[in-house]
Amino acid sequence: MANGQWYPPEWPDRIRALSSGELTPAAPRRAATVMLLRDSVAGPAVHMLRRRASMAFAGGAYAYPGGGVDPRDDDHLVRWAGPSLATWAQRLGVDEPGAQAIVCAAVRETFEEAGVLLAGPTPSSVVGDTTGDDWEADREALVARDVSFAEFLDRRDLVLRSDLLAAWARWITPEFEPKRYDTFFFVAALPEGQRTRNASTEADRTVWIAPGEATAGYDKGDLLMMPPTIATLRQLSPYGSAADALAAAPERDLTPVLAQARFEGGELVLCWPGHAEFTKHIPTGGPA
């Protein structure tokens with residue numbers, strides 16, 4: 001293939017079924033993912049993980065730490081630093097309980113999959129090294145959903161540092177996918193004293209990579225990625241530091257990006273509005 005765009009061969013059949021009314025779209029589940037950045041002499045790098053090839057969804061694709069919202073995190077007021085829940089709700093286009101749950105998901109998933117925790121004992125501090133056995137026990141309990149993230153913060157007497165996050169983009173899984181997510185993309189800088197590690201059972205590799213290097217690898221077909229991943233990497237490429245990217249985030253448009261499909265001139269045309277590079281023209285007899 002010309003690039004590393006992830007493209008499931010079953011999509012055309014599912015799109016036909018959706019068009020004919022044989023397929024009812026699944027309701028998208030809210031999710032969050034974090035583009036974790038750190039500075040180097042060559043500019044900012046982003047932390048990415050490669051999904052195991054055995055994964056049913058996007059196996060082998062590079063992505064960011066992320067996952068679904070835990071409904072338990074919208075009804076328990078957590079200790080909170082940074083913009084108010086009202087401010088976050090307005091920014092994300094959801095109600096206040098939903099905003100808390102989405103931000104909690106972003107911070108929780110970064111801890112679960114990268115071992116990095118955007119929280120501290122006070123509103124102006126961040127925890128240090130989180131690699132000890134006690135931290136690992138808590139991380140595993142979160143992964144198993146034995147405790148909610150709100151309960152974890154309470155037990156540790158920690159403040160969630162929402163000021164260390166900034167909303168960047170919002171993508172919704174196409175209607176023809178069986179599992180759908182309404183995903184909010186955030187940016188954050190790696191806190192001083194913490195380090196990333198591959199803590200995810202879904203990943204076989206993690207890397208720190210410059211956005212420009214990652215997009216070049218995708219363009220050559222060496223790195224497999226889904227449209228939201230490569231799109232956000234391209235958007236990050238112009239910034240000279242993590243601080244620059246975080247400063248630019250409040251001006252980012254969070255209008256959801258949702259794929260559209262239509263039959264035209266003997267072809268199935270699949271596109272993502274505002275992202276022409278992902279448009280595919282597929283002969284109606286099967287995928288290209």
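The paragraphs below set out a description of the structure included in this document. (Residues numbered from 1 in each chain as written. Predicted model: local features only at pLDDT ≥ 70, side-chain atom pairs only at ≥ 80, totals over all residues. Heavy atoms only, no water.)

1. Let's talk about the overall build of the chain
If you tally the helices and strands in the chain, you get eight helices and 14 strands. What you see for the chain is a C-alpha radius of gyration of 19 Å, in line with the 19 Å of a compact globule of 288 residues. Dimensions of the chain along its principal axes, counting C-alpha atoms only, are 60 × 45 × 35 Å. Looking at the chain alone, contacts between residues at least 24 apart form 70% of all its contacts between residues at least 6 apart. Taken as a whole, the chain presents about 12600 Å² of accessible surface, with 50% of it coming from carbon and sulfur. (Helix = DSSP H or I, 4+ residues; strand = E, 2+ residues; numbered from the N terminus. Rg over C-alpha atoms; globule rule 2.2 N^0.38 Å. Contact = heavy atoms within 4.5 Å. Areas by Shrake-Rupley, 256 points an atom, 1.4 Å probe, with all protein chains shown as cover.)

2. Let's talk about helix H5 (residues 149-156)
Residues Phe149, Ala150, Phe152 and Leu153 constitute the buried set of H5. Along the axis of H5, the buried positions cluster into a sector of 160°, meaning they face one direction only. Once H5 finishes, Asp157 follows within two positions and takes phi at roughly 55°, a positive value. (Buried < 20%, exposed > 50% of the residue type's maximum accessible area, 1.4 Å probe, protein only. Arc of directions from axis to C-beta.)

3. Here we look at the packing of aromatic side chains
A full pass over the atoms with the stated rule returns eight aromatic pairs. Taking 5.6 Å as the distance between ring centres and 20° as the angle between the ring planes, the aromatic pair formed by Phe111 and Phe152 counts as stacked. One end of the pair, Phe111, is in helix H3 (residues 96-114); the other, Phe152, is in helix H5, and 41 residues separate them in sequence. We note that Phe111, like Phe152, is buried. Between Phe149 and Phe152 the ring centres are 5.5 Å apart and the planes differ by 35°, which places this aromatic pair in the tilted class. Of this pair, Phe149 and Phe152 both sit in helix H5, three residues apart, roughly one helical turn. Ring-pair connections join several aromatic residues into one group, and the members of that group are Phe111, Trp135, Phe149 and Phe152. Taking NZ or CZ as reference, Arg156 lies 3.7 Å from the ring centre of Trp135, over its face. (Phe/Tyr/Trp six-rings, centres within 6.5 Å; stacked < 30°, edge-to-face > 60°. Lys NZ or Arg CZ within 6 Å of the ring centre and 35° of its normal.)

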